[in-house]
Amino acid sequence: MSELHKFIFEGLPVRGMLVRLTDAWQDILARRAANSETGAYPAPVRQLLGEMAAAGVLMQGNIKFNGALVLQIFGDGPVKLGVVEVQPDLSLRATCTQVGEVADDATLSQMVNVNNEGRCAITLDPLGRLPGQQPYQGVVPLFGDRGEKLENISDVLEHYMLQSEQLDTVLVLAADDQVAAGLLIQRLPVEGEGNLAGQTGSQMRESVLGQSEDFSRISILTKSLKREELLGLDAETILHRLYWKEPLARFEPFVGETGPRFACRCNRERVGHMIRSLGTEEVEGILAEQGQVEVGCDFCGAQYRFDPVDAAGLFTGLPADLPPGAVH
Ligand SMILES: [Zn+2]
């Protein structure tokens, strides 16, 4: 079963999280493979989306926010868009739109950042957002400080967290056709000036230096984790292997009902809103051509069909210019 583990290092300003998506990830891949239009993801796309899914759960688990966390990647390669959406209850869904061939050994830049136009966006969409209220969004490029292309989504997200939260973060991600997993370590901000009150200048410097040494040491341990270990070992073994000398304190893991799991939020009413937003003329055109309006959900593969009577029902009693979503 998929699981999220949170932990702290007692007395040290460092916290961490480990996620392993198994059933949730296999569910996402199986739904894609069952889609006769797209077929299964090629291996590099699967790895990218799996690493994004693991990162999305870690980022949602890391914030106190009542709303969806949406992680997106888009750019100028054959992978046009990758999306992972994680709800506050850790339910998640993910999909990738691919146009054109992806080679078996394609890198991140070859997939989504050919001319350095690739971007990664992190959106926090509050639950029950009012009409006109904008969700918070941060966008980062897929290149580093000197314009060099980044080849790991973990590097991109480490940059993002340093920029947006001013928090030093180490992120290790991996995914294959069975598991999508991630390990995150973050340095906590020093808790206010009061903490250091009564210390002389040199004591203060020593104390800050000590904290940064703790983080450096734990970072090095974290980065020593190999991809195969992250994918193949269970959480207990990974945490013990890396941090057995450290004062690790664990919280109750999130597993099963409270853990990460696949769930799609699509339904017929939302699809109806979307169709209505196309306008009468467009919808009549589709009906004339195809006899019905058929919409498939990219996340779960559900098919929604509206015959001419259903479609007409979407428009009856509603002013033509009413924005979608305004009526429930
Ligand atoms: Zn769906």
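So, how was this worked out
By convention here, each chain's residues receive numbers from 1 onward along its written sequence. Restriction of local features to residues with pLDDT of at least 70 applies here, the model being predicted, together with a cutoff of 80 or more for giving and counting side-chain atom pairs; totals for whole chains, interfaces and linings are based on all residues. Side-chain metrics rest on all non-hydrogen atoms present in the structure, leaving aside hydrogens and water. When DSSP finds at least two bridges between two strands, those strands are taken to pair. Think of it this way: any DSSP run of H or I at least four residues long counts as a helix, any run of E at least two long counts as a strand, and we number them from the N terminus. Contact definition: two residues touch when any of their heavy atoms are within 4.5 Å. Convention adopted: a line fitted to C-alpha atoms gives each axis, helices being fitted over their contacting stretch, and angles between N-to-C directions are expressed from 0 to 180 degrees. Ring geometry is summarised as follows: Phe, Tyr and Trp rings, the Trp one being its six-membered ring, pair when their centres sit within 6.5 Å, and such pairs are stacked at plane angles under 30 degrees, edge-to-face over 60 and tilted between the two. Buried means the residue's accessible area, taken with a 1.4 Å probe over protein chains only, is under 20% of the maximum for its type, while exposed means over 50%, and partly exposed covers the values in between. In this scheme, Lys NZ or Arg CZ marks a charge over a ring once it lies within 6 Å of the ring centre and within 35 degrees of the ring normal. In the sections that follow, a salt bridge refers to a side-chain nitrogen of Lys or Arg positioned within 4 Å of a carboxyl oxygen of Asp or Glu.

Asks: Just to check I follow, could you spell out the sheet that holds strand 3 (residues 67–74) for this structure?
Replies: Sheet strands pair via backbone hydrogen bonds, and the direction of the pair is either parallel or antiparallel. If you walk across this open sheet you meet the 6 strands as 7-6-3-4-5-12, and the pairing is mixed. Two strands close off the open sheet at either side, each with one partner strand: strand 7 (136–141) and strand 12 (261–262). In this sheet, strand 12 lies alongside strand 5 (residues 91–98) in parallel orientation, the contact comprising 2 bridges. Bridge assignment links Leu 92 to a residue of strand 12, and that residue is Phe 262. Along the sheet, helix 4 (residues 153–165) contacts strand 3, strand 6 (119–126) and strand 7; its crossing angle with strand 7, the most-contacted strand, is approximately 125°.

Asks: Could you clarify how one ought to interpret the packing of aromatic side chains in this entry?
Replies: We describe a pair of aromatic rings using the distance from one ring centre to the other and the angle between the two ring planes. Throughout the structure, instances matching the rule amount to 3 aromatic pairs. Between Phe 7 and Tyr 243 the ring centres are 6.0 Å apart and the planes differ by 45°, which places this aromatic pair in the tilted class. One end of the pair, Phe 7, is in strand 1 (residues 3–9); the other, Tyr 243, is in helix 7 (residues 235–243), and 236 residues separate them in sequence. By relative accessible area, which is 1% here, Phe 7 ends up buried. Directly above the aromatic system of Phe 299 lies the positively charged group of Arg 93, at a separation of 4.0 Å from the ring centroid. For the cation-ring pair, Arg 268 lies above Phe 306, with the distance from its terminal atom to the ring centre recorded as 4.0 Å.

Asks: Mind showing me how you'd approach the pattern of salt bridges here?
Replies: Side-chain pairing between opposite charges can occur once the charged atoms of the two side chains come close. Tallied over the entire structure, the rule returns 13 salt bridges. The residue Arg 217 makes a salt bridge to Glu 246 at a minimum N-O spacing of 2.8 Å. One end of the pair, Arg 217, is in helix 5 (residues 201–223); the other, Glu 246, is in the loop between helix 7 and strand 10 (248–250), and 29 residues separate them in sequence. For Glu 246, a relative accessible area of 13% translates into the label buried. Ionic pairing is found between Asp 310 and Arg 268, a salt bridge with its closest N-O pair at 3.3 Å. In this pair, Asp 310 is assigned in helix 10 (residues 308–315) and Arg 268 in helix 8 (residues 268–277), connecting sequence segments 42 residues apart. In this structure Arg 268 comes out as partly exposed when scored by relative accessible area, which is 38%. A single salt-bridge network, built from bridges that share partners, covers Glu 85, Arg 93 and Arg 265.

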